[in-house]
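Examining the three-dimensional arrangement
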Amino acid sequence: MDTISTIGDVTVNGRTYRLPRQPAVVVCIDGSEPGYIESAVAAGRAPWFARVLKEGTNLLADCVVPSFTNPNNLSIVTGRPPAVHGISGNYFLDPDSGKEVMMNDPRFLRVETLFPAFQRAGCRIAVITAKDKLRGLLGKGLELAPGKACSFSSEKSGTATLAENGIEHINELVGLPVPDVYSAGLSEFVFAAGVKLMARDKPEVMYLSTTDYIQHKHAPGTPVANDFYAMMDGYMAKLDAMGCTIVLTADHGMNAKFGADGQPDVIYLQDLFDGWVGKDKARVILPITDPYVVHHGALGSYAVVYCEKPEPWIAKLKAMPGVEAALTKAEAARRFELPADRLGDLVVVSTKHKVLGTSAARHDLSGLTEPLRSHGGVSEQRVPLICNRKLAGPVDRRWRNFDAFDLALNLVA
Ligand SMILES: [Zn+2]
């Protein structure tokens, strides 16, 4: 297999990266609150992580707020905050159409990811995600073909084609059937496929992105969570043994969001605004919304509200227990580095154990089989940033999860 030139670098979105000297693997562990990995290590279930935490690089970083999946995955693969790449939620009110739509469509992504730029520099690229919802955004701009690049999801692994994904017969390669979309197996498939692809195709740049199905249900240190990280540990050890530089981070953390009665602790914003300004005069949007809401009931710690003259409501919201921040569009865009044209008139963030809903009647919580754990707020901003190699020298910065490729390619020995 040819290797690419090790001289030269690639500049994307104003950041410059060295070409990989070894295969660079960045892993986004969905919902991996600090503590999950450490607990699995403490339980003796994760020997690879134990070694890496001690001998590699073990940092904490801040993710992007809203601490949701799509904005953060796109930050990691573009190296920049949503103000630059445009993906401000999983779901938003499209100002062009006036309709509430998923933000999965690649046309909403305003800049290039690192992947096409590295492809032009001669690198082979592999992008693997658990749920198909991210595939279009992550694979945007790649020339998908065998020996060049592939981009696929565990969810749709059974129907991958050369034209759509740059790869086919994935289940035969991985030796696993298509997993259930609500299962730990959906994430395991990502790792298993990553290992098989690294062995067969030797991509120079690989991105693996899991789903937070386990993290929504199981706190750090619980048996099911430890099983999940033990599983991951085995696959990471295999990638490490193949010489990969591996950086692991998360798209967001995760916190318990229920009250003493075990029920979700919710502020129903649409109901509040209906009382304040009249029924449906304001419009509350929950950017956590996606087609897979069973495990969180679309309840997270971040909401945007479209309403006229938001100032008096901001003051009212700020005084409410459970509200961490109530900001105008301009304030939120500045503080969280968000695209102002894709926010509502005001942005609401709830505290660590509270979530925000629309109307009580509109949330189907029947799928919540465990007490609610969720994310979206500032309280879920801390995430791990771990590498199996040591920093080449001291670095003084506020680490972000979207420094993952910078770390892997520029900053470690
Ligand atoms: Zn996520």
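Reference entry: report on the structure contained in this document. (Residues numbered from 1 in each chain as written. Predicted model: local features only at pLDDT ≥ 70, side-chain atom pairs only at ≥ 80, totals over all residues. Heavy atoms only, no water.)

A few points about helix H15 (residues 404–411)
Counting along an α-helix, one turn takes 3.6 residues, and residues three or four places apart therefore face a common direction. Threshold: Only protein chains enter the area calculation, which uses a 1.4 Å probe; residues under 20% of their type maximum are buried, those over 50% are exposed, and those in between are partly exposed. Where helices and strands are cited, they refer to DSSP runs of H or I of at least four residues and of E of at least two residues respectively, numbered from the N terminus.
Among the eight residues in H15, eight count as buried, and that is most of the element. Taken residue by residue, H15 has Ala404, Phe405, Asp406, Leu407, Ala408, Leu409, Asn410 and Leu411 as its buried positions.

Topic: the pairing of strand E1 (residues 9–12)
Rules: Pairing between strands is defined by DSSP: at least two bridges between them are needed.
With burial as the criterion, only one face of E1 is covered, namely that bearing Val10 and Val12; the residues Asp9 and Thr11 on the opposite face remain uncovered. Of the pairings in the sheet, the one linking E1 to strand E2 (residues 15–18) comprises four bridges and is antiparallel in character. Across the sheet, residue Val12 finds its bridge partner in E2, namely Arg15.

A look at the packing of helix H9 (residues 185–201) against helix H11 (residues 223–241)
Threshold: Axes here refer to lines fitted to C-alpha atoms; in helices the fit is confined to the stretch in contact. Angles between the N-to-C directions go from 0 to 180 degrees. Just so you know how the angles are binned, under 35 degrees is roughly parallel, over 145 roughly antiparallel, 65 to 115 roughly perpendicular, and the rest oblique. When checking whether two residues touch, look at their non-hydrogen atoms; a contact exists if any pair is within 4.5 Å. Three classes are used: nonpolar for Ala, Val, Leu, Ile, Met, Phe, Trp, Tyr, Cys and Pro, charged for Asp, Glu, Lys and Arg, and polar for all others, with Gly counted as polar.
Two elements in contact, H9 and H11, have axes separated by 9 Å at closest approach and are oriented at 10°. Comparing their axes, H11 and H9 come out roughly parallel. Where H9 abuts H11, its residues Ser187, Glu188, Phe191, Ala192, Gly194, Val195 and Met198 lie against Phe228, Met231, Met232, Tyr235, Met236, Lys238 and Leu239. Across the contact of H9 with H11, the residue classes break down as 10 nonpolar, two polar and two charged.

A closer look at the sheet that holds strand E13 (residues 283–285)
Taken in spatial order, the four strands of this open sheet run E13-E14-E16-E15, and their pairing is antiparallel. Where the open sheet ends on each side, the last strands, each with one partner, are E13 and strand E15 (323–328). Pairwise comparison of adjacent strand axes, ignoring direction, gives a mean angle of 20° for this sheet. Across three bridges, the pairing between E13 and strand E14 (residues 302–306) is antiparallel. Within E14, the residue paired with Arg283 across the bridge is Tyr306. Strands E15 and strand E16 (346–350) of the sheet are contacted by helix H13 (residues 311–318), whose axis makes an angle of about 170° with E15.

Here we look at the coordination of the zinc ion
To keep things clear, this is the line we draw: For Na, K and Ca the donor cutoff is 3.2 Å, while for all other metals N, O and S atoms must lie within 2.8 Å; water is not among the atoms, so some sites may look incomplete. Here a site with four donors is tetrahedral if all angles are between 85 and 135 degrees, and a site with four or six donors is square planar or octahedral if opposite donors are over 155 degrees apart and the other angles are between 65 and 115; anything else gets the irregular label.
Bound to the zinc ion on the protein side are Asp30 (OD), Thr69 (OG1), Asp251 (OD) and His252 (NE2), at distances that span 2.0 to 2.2 Å. Its four donor atoms give the zinc ion angles of 91 to 137° at the centre, a pattern that matches the irregular case. When the donors of the zinc ion are listed by position in the chain, the intervening gaps give D-x38-T-x181-D-H. Of this pair, Asp30 sits in the loop between strand E3 (24–28) and helix H1 (36–42) while His252 sits in the loop between strand E10 (245–249) and strand E11 (255–256), and the two are 222 residues apart along the sequence. Residue Asp30 is classed as buried on the basis of its relative accessible area, which comes to 4%.

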